[in-house]
Amino acid sequence: MPESQPPRTTPHAAPAESLAAPVLASPRPASALAARSERSYTLSDFDFPLPPELIAQHPAAERSGSRLLDGTGTAAVDRVFSDLPSLLRAGDLLVLNDTRVMKARLFGEKATGGKLELLVERVLGGNQVVAHMRVSKKPEVGASLKLVCAPGHEDGLRATLLGRWPDANGSLFRFVLSNDAGDDPHTLMERHGHVPLPPYITHTDSAQDAERYQTVFAKHPGAVAAPTAALHFDEALFARLDAMGVQRAYVTLHVGAGTFLPVKTENIAEHHMHSEWYAVPQATQDAIAACTTRGGRVVAVGTTTVRTLESWAHTGVASGDTSIFITPGFNFKLIDLLITNFHLPKSTLMMLVSAFAGYGHTMALYRAAVERQYRFFSYGDAMLLARQDLAK
């Protein structure tokens, strides 16, 4: 990764020098981007009935063998993901999120014997991590918590509580994660941790999950959830796209557990969006400029890529934290096509997709997906969408 690789030594990467972004208006913080819409939307507008049996519990047998709902036209067309080359053209640019999912879930107990669970959200400096903590009664600051080691690897794994994060009232907790050998947190999580499967996947993580809840190109560890639209790509599909002249570029956004937080306010404008670290390297900026010049289309693989590119496009900041909240009426500056999985009802991701493809069209596609028994969420099927003003 070029110079935009996230440092592991600071709780928040300091924004890199602002770099020229395409068609910038006056820069403003991504968290404050306002969406103007022809109508007001409420949380209930993004609800839909979903039979629980359509929630995928396991991945398809082959990555590119999953189904693909082509929503680029007026009517939904059933395809398989390996059909994607026929829907793209030479000169298009695929942009993918190369974050790597950490084995971020750790189990342990307090000195009293009470059980606890940690979900590491960020790795800081000095063996410090930021984590969610699930426990019946919070331990005192300074408490050393014994964590469960992987079979055959007893090495004194423990977490020492330093306090709340990012401040005294924060909802997360800061720990020192350590063992007898002085290994770093990434090494410790890889050895002892569990794949942080989403809450709607009911089985415990397995060797299959360690492979399939990770993209084939994952590079920079830091995510607690996979950029799931990219899970459908395999090396054979990339080879076909390369051969036809579809180019690739990468961004990084470390997906946080906040992606699964429910929206609790009926007035969606009152929702407080979680923050995630992102980077748009210079090579990707150059690739996007070249794609625009040759008349190609920018194809975002996943909502995390959309959030990354649009954060950069609206602020000119190529690296930092974003809490961008994309709802209908949002002014998309970069993205022409979107590949995405099917998202939870009433989620911020439903709002983003509706903003991109149009609210009415998106809800019609979701109804079609339910009727046609598509598989939903992280291990589910995918859809291809055009920006609403570019739809056929």
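Here, every reference points to the structure presented above.
Conventions and cut-offs
Residues numbered from 1 in each chain as written. Predicted model: local features only at pLDDT ≥ 70, side-chain atom pairs only at ≥ 80, totals over all residues. Heavy atoms only, no water. Helix = DSSP H or I, 4+ residues; strand = E, 2+ residues; numbered from the N terminus. Buried < 20%, exposed > 50% of the residue type's maximum accessible area, 1.4 Å probe, protein only. Contact = heavy atoms within 4.5 Å. Areas by Shrake-Rupley, 256 points an atom, 1.4 Å probe, with all protein chains shown as cover. Pairing = 2+ DSSP bridges. Axes fitted to C-alpha atoms, helices over the stretch in contact; angles between N-to-C directions. Phe/Tyr/Trp six-rings, centres within 6.5 Å; stacked < 30°, edge-to-face > 60°. Salt bridge = Lys/Arg side-chain N within 4 Å of Asp/Glu carboxyl O. Core = buried A, V, L, I, M, F, W, Y, C linked by side-chain atoms within 4.5 Å.

Trainee: How should the overall build of the chain be read in this particular structure?
Mentor: When its secondary structure is counted, the chain shows 8 helices and 17 strands. Counting all 392 residues of the chain, 56% fall into the buried class. Sequence separation of 24 or more characterises 73% of the internal contacts of the chain that already satisfy a separation of 6 or more. Summed over all atoms, the accessible surface of the chain reaches about 16600 Å², with 52% contributed by carbon and sulfur.

Trainee: Could you clarify how one ought to interpret the sheet that holds strand E8 (residues 144-147) in this entry?
Mentor: By definition, the strands of a sheet pair up through backbone hydrogen bonds, in either a parallel or an antiparallel sense. Spatially, 6 strands are ordered E5-E6-E7-E10-E9-E8 in a closed barrel, and the strand pairing comes out antiparallel. In this sheet, neighbouring strand axes are inclined to one another by 45° on average, regardless of whether the strands run parallel or antiparallel. Across 5 bridges, strand E5 (residues 105-109) lies against strand E6 (residues 115-123) in antiparallel orientation. Looking across to E6, one finds that Leu106 is bridged to Leu118.

Trainee: So what exactly am I meant to see when it comes to the packing of aromatic side chains here?
Mentor: Note on aromatic pairs: each is described by the distance of the centres and the angle between the planes. In total, this model carries 19 aromatic pairs according to the counting rule given. The interplanar angle of 40° and the centroid separation of 5.0 Å between the aromatic rings of Phe342 and Phe376 together place this pair among those described as tilted. Of this pair, Phe342 sits in the loop between strand E16 (337-341) and helix H7 (348-357) while Phe376 is found in the loop between helix H8 (359-371) and strand E17 (382-386), placing the two residues 34 residues apart along the sequence. Using a relative accessible area of 0% as the deciding quantity, one classes Phe376 as buried. One aromatic cluster in this structure is built from Phe48, Tyr200, Phe260, Phe342, Tyr366, Tyr374, Phe376 and Phe377.

Trainee: Which parts of the structure should I look at to understand the pattern of salt bridges?
Mentor: Tallying each qualifying case throughout the model produces 15 salt bridges. Taking the shortest distance from any N to any O, the salt bridge between Asp78 and Arg372 comes out at 3.2 Å. One end of the pair, Asp78, is in strand E2 (residues 77-80); the other, Arg372, is in the loop between H8 and E17, with 294 residues separating them in the sequence. Given a relative accessible area of 41%, Asp78 falls into the partly exposed group. Here Arg134 and Glu117 are joined by a salt bridge, their closest N and O atoms 3.8 Å apart. Taken together, the residues span a long stretch of sequence, with Arg134 in strand E7 (residues 128-135) and Glu117 in strand E6 at a distance of 17 residues. Salt bridges sharing partners connect three or more residues here, namely Arg105, Glu117 and Arg134.

Trainee: Quick question: what am I supposed to make of the nonpolar core here?
Mentor: General note: in soluble globular proteins, nonpolar side chains tend to be found buried as a group. Counting 70 residues, the largest nonpolar core has Tyr213, Leu309 and Phe376 as the members making the most contacts within it. Listed by contribution, the elements that provide at least two residues to this core are strand E3 (93-97), strand E12 (247-253), helix H5 (282-294), strand E14 (298-301), helix H6 (303-315), H7, H8 and E17. Counting 25 residues, the second-largest nonpolar core is a separate cluster that includes Leu106, Val129, Leu188 and Val224.

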